[in-house]
Structures are given as C-alpha cells and as structure tokens.
Amino acid sequence: MGTIVPRKRKDGSTGYHAQVLIKRDGRIAYRETRTFDRKAAASAWIDKTEEALLNPQALDRVRRDDPTLGFVIDRYMGESKKEMGRTKKQVLNTLKNDFDISDMACSTIDSSTITSLAKELGKTRGPATVANYLSHLGAVFAIARAAWKYPLDPNVMKDGNLVAKKLGLTGKGKERDRRPTLAELDTIMSHYQAREQEVEMLPMTKIVPFAIFSTRRQEEIVTITWSDLEEAHSRVLVRDMKNPQEKAGNHVWVDLPPEAMTIIRSMPRVDDRIFPYTTDAVSASFTRACQFLGIEDLHFHDLRHDGISRLFELGNNIPHVATVSGHRSWQSLKRYTHIRHSGDKYKGWKWLKVASAPLTGKGNGYYSPRFKPTEIKPPEPASATMSARRAKQASEPPKKRGRPRKVPP
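These numbers were taken from a predicted model, which means no experiment stands behind them.

1. Thoughts on the overall build of the protein chain
- Each helix and strand in the protein chain was counted, giving 16 helices and six strands.
- Across the protein chain, contacts joining residues at least 24 apart in sequence account for 64% of those joining residues at least 6 apart.
- Element-wise, carbon and sulfur atoms account for 51% of the exposed surface of the protein chain, whose accessible area totals about 24,900 Å².

Structure representation (structure tokens):
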C-alpha cells in the first residue's frame, strides 16, 4: 500500500514524499521512498511500483539483488551473533526509522548520500556524535557485499566519511576538564544522606565516592560482580570494558585503591553484583540531584575524571594510573600529566566514613530502589463485584437526596 505525505521545503515549495511498503508475515519485506514535485507524479510512481511488485517472484528478486538500506540494517542486527551494545542498537534503529536513507535502494547510495546524512544528523547533534553514527553504519557497509552480495560499497562510506570530516561535520569530542569541587560534593552528599534517611532509595552516598576513588564508569559500577573480585589483591575484573575497537570480550583487571575497597566491603552480598542497580537509575538520580541543587554542568562521568586526576596529584606515574583506570593506551592519559603534585584533596574527607559504613534499611538490611512495581490484582468477576456492592448498600443507612427544605424560622 502506497502513501503520499506532503512536506514543506526550506524554499517554501512543497515536495510529495511517496512511499511503497509491503509486509510479509508481519515484517517489512520491501520499502522504497521517493520525493516528487507534483502529487500526480508521486501517485503514478506508486501505481507503477506496486504493479511491478504484484508478482511475488519480482519482490523476492528485488529483496535479493538490491534491497533498501533499512532492510540490510534489519538483517545485520538480526543475524549478528556478537553482542551489540546499547548505543549501537540505538544508533542503527534511529537511522532505520527516522532517516530517509533507510528507504533508499543500496545501489543508489553514494558518497554524497552519506555527506547529506551527516549534514542532517548535524542539525541536532555534535560532530563527535555524527562521527559515531557514521561509524556504526560503516559496520553494515563493511559486510553487506561480502556476506550477502548486496550492492553496498564500503568505499562509499569511506569517501563520505572523508568529505564529512573535511567539511567539519564530524570530529572528535571536546575534552572535558570539569571536576567537582569539595563544596559541590558536600552539597550532593548531604542531599543524598537526607534522602536516604527519609525513603528507601539507591545508596548514592556510596556510589558517588566509589566512582571517584575507583575511577569506574557508571555502567561498570553496576555490572561488576562479587565473583570477579579478588579482595586479597585489591583488584576486580571489569567485563566488556569500553574500547574504541572492540568492547565485547574486552575483560580487564583493574586495581582498586584502598578507599574503593573499603566501600566494597561495606556492601551486603545480596546479589551477584556488588552494586545491584541499573545504569539509568544511577544516571537519572545524579542528574536530578544536580538540577535540584543548582549545580551546573556536572556529569556523573566527571567523577571518573576527578578520580584519575587525583591519582596523578598523588604523584603516581602513567603506568600506575593505567592499572586503576583501565586505559590500554597511555596516550589517553597524557592530558592529565600537566597536573602538578598537590597532595590528596580528599585527605580527611568526612564523607568517606559515611560511604564505608554498613548499609541500613528495611527488610533485607540494604537499600533497594525507591520505586517498586505495583502489584496488580486480577479483576473480580462482575457478579461478585455486584454482590459486594449490594451488600454494602444494604448495610448503610439510606441517603437523603435533593436539597434540604427551607424551614421558616
């Protein structure tokens, strides 16, 4: 069934977005989109395309020889046996569902198409994010022709990336140097301590200090397990650590400073994970707290930056810091080496005692997330509901209806 959607162009004219979409067994078997200046031309193209695809063999031939990019992305995500990260899934689904390039036949995509995609992405995203989108899409181009003989040329993506870089549409992200001050951390920790005493919630008075002293990312904090902890050697195995080349299977042993080990020892063994919470819950809690407290431009990841900077301020060299941070390339740590040795700003920090104290709470003795799923009871039969209602009405005194009569004095 074809559809036509009118769209206003920047020059004020109207373009007619014509799409042909065919489904088989509840899945999209074919999808193609073109834009025309006149509605009549769009309608004629839909009729011609649908007529050509009435024969199932014709549809199979189109799918086999020259499918749309959206179809190839679907196949890539469905057949890939390697575990795909959340960011990559989100990027590929966004490209497939929100951008016109997914409706184009593979043979029609050239380097100018990739450049146009980069420009469109750049309207609402920074150069580093655009580069990330093109990188994930490049993984589809890299195997489509070799694996399935689809006419997607990897050199098209290579040339498009080069042009986008030269035009400034893609680039590296700006290096943040934001670090929390002791005053800001005191405000945040006081806020969390008061909240944890009022209601059951995430133990952020432990998670925030642990992020600083361990230099772990928030995703790593909530995934490290007791079984991967070597307490005698003060180290833990971080599985699938973030890496530009390959995240899946990138398991790295990292050292844990004494302060981080103290916080871990205070956690109850009630789950396979040391911090049995979710990345979204930790991120949302920290973001809301900073907004509520009026602390500007502070991200949870800045705690890791502060922790790495602290290790250099203590006089440690790059190889020693890398054993804690988990960096494979010492080049990534060079930007921290300009820091002059100034001692430990956390020496005598009062909140370390709070972070190291055993958790207290209700029931199982540890804090659980504040928001729990509501228990939904199955609906009662209509007859039972009616009987209960009539019994209640019979036991209650009759209610007077209408307005009370005015009695003259």
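So much for the structure itself; the text now carries on.
2. With respect to the nonpolar core
- In terms of nonpolar packing, the biggest core is built from 45 residues, with Met204, Phe210, Phe275, Phe286 and Phe300 touching the most fellow members.
- Phe286 has contacts with Ile188, Tyr192, Met204, Val208, Leu298, His299, Phe300 and Leu303, leaving out every residue within four places of it along the chain.
- One finds Tyr76, Val91, Leu117 and Met157 within the second-largest nonpolar core, a separate group that totals 30 residues.

3. Thoughts on the layout of surface pockets
- Taken as a whole, the second largest pocket spans an internal volume of roughly 440 Å³.
- Lining the second largest pocket are 18 residues, with Arg7, Thr35, Asp100, Ser116 and Glu120 sitting closest to its centre.
- Sorting the residues of the lining of the second largest pocket by element identifies strand E1 (2-8), strand E2 (14-24), strand E3 (27-36) and helix H5 (111-121) as the ones contributing at least two each.
- A total of four residues in the lining of the second largest pocket trace back to one element, the largest contributor, which is H5.
- Broken down by class, the residue content of the lining of the second largest pocket amounts to four nonpolar, six polar and eight charged.

4. A few points about the pattern of salt bridges
- Counting across every chain of the model gives 17 salt bridges.
- Between Arg310 and Glu259 there is a salt bridge whose closest N-O contact spans 3.0 Å. Pair noted here: Arg310 is in helix H13 (residues 301-313) and Glu259 is in helix H11 (residues 258-265), with a separation of 51 residues, a long-range link. A single burial state applies to Arg310 and to Glu259, both of which are buried.
- The closest approach of N and O atoms between Arg273 and Asp271, which form a salt bridge, is 3.8 Å.
- Given the relative accessible area of 34%, Asp271 is considered partly exposed.
- Three or more residues are tied together by salt bridges with common partners; here these are Arg179, Asp306, Glu313 and Lys345.

5. Comments concerning H13
- The end-to-end C-alpha distance of H13, which contains 13 residues, comes to 19 Å, matching closely the 18 Å that a straight helix rising 1.5 Å per residue would cover.
- The element H13 is extensively covered by neighbouring structure, given that 12 of its 13 residues are classed as buried.
- Inspection of H13 places Asp302, Leu303, Arg304, His305, Asp306, Gly307, Ile308, Ser309, Arg310, Leu311, Phe312 and Glu313 among the buried residues, and these make up the whole buried set.
- Directly beyond the C-terminal end of H13, a positive phi value near 95 degrees is found at Gly315.

6. What to know about the packing of aromatic side chains
- Using the criterion set out here, one finds eight aromatic pairs in the structure.
- On the basis of an interplanar angle of 70 degrees and a centroid distance of 6.5 Å, the ring pair of Phe71 and Tyr150 is categorised as edge-to-face. With Phe71 in helix H3 (residues 69-79) and Tyr150 in the loop between helix H6 (127-148) and helix H7 (154-166), this pair connects stretches of sequence that are 79 residues apart. Per residue, the accessibility class of Phe71 equals that of Tyr150, and both read buried.

7. Considering helix H9 (residues 204-214)
- With 11 of 11 residues buried, H9 lies mostly within the body of the structure.
- For H9, the full list of buried residues reads Met204, Thr205, Lys206, Ile207, Val208, Pro209, Phe210, Ala211, Ile212, Phe213 and Ser214.
- Immediately beyond the C-terminal end of H9, within one or two residues, lies Thr215, with a positive phi of roughly 60 degrees.

8. Focus on the environment of Arg7
- Secondary-structure assignment places Arg7 in strand E1.
- Setting aside residues up to four positions removed in sequence, Arg7 forms contacts with Ser13, Thr14, Gly15, His17 and Asp100.

9. Comments concerning the packing of H6 against H7
- Remark: H6 packs on H7, axes separated minimally by 8 Å, with the N-to-C direction vectors making an angle of 155 degrees. On the basis of the axis angle, H6 is roughly antiparallel to H7. When you trace H6 past H7, the crossing you get is left-handed. Residues Leu134, Leu137, Gly138, Phe141, Ala142 and Arg145 of H6 form the contact with H7, whose own contacting residues are Pro154, Val156, Met157, Asn161 and Ala164.
- A class-by-class count of the residues in the contact of H6 with H7 yields eight nonpolar, two polar and one charged.

Calculation notes
Residues numbered from 1 in each chain as written. Predicted model: local features only at pLDDT ≥ 70, side-chain atom pairs only at ≥ 80, totals over all residues. Heavy atoms only, no water. Helix = DSSP H or I, 4+ residues; strand = E, 2+ residues; numbered from the N terminus. Contact = heavy atoms within 4.5 Å. Areas by Shrake-Rupley, 256 points an atom, 1.4 Å probe, with all protein chains shown as cover. Core = buried A, V, L, I, M, F, W, Y, C linked by side-chain atoms within 4.5 Å. Buried < 20%, exposed > 50% of the residue type's maximum accessible area, 1.4 Å probe, protein only. 1 Å grid on protein atoms, 1.4 Å probe; cavity = no way out; pocket = protein on both sides within 12 Å on 5 of 7 lines; lining within 4 Å. Points joined across faces, edges and corners; volume = space filled by probe spheres on them. Nonpolar A, V, L, I, M, F, W, Y, C, P; charged D, E, K, R; others polar. Salt bridge = Lys/Arg side-chain N within 4 Å of Asp/Glu carboxyl O. Expected span 1.5 Å × (residues − 1). Phe/Tyr/Trp six-rings, centres within 6.5 Å; stacked < 30°, edge-to-face > 60°. Axes fitted to C-alpha atoms, helices over the stretch in contact; angles between N-to-C directions. Parallel < 35°, antiparallel > 145°, perpendicular 65-115°, else oblique. Left-handed = near helix turned anticlockwise from the far one by under 90°.

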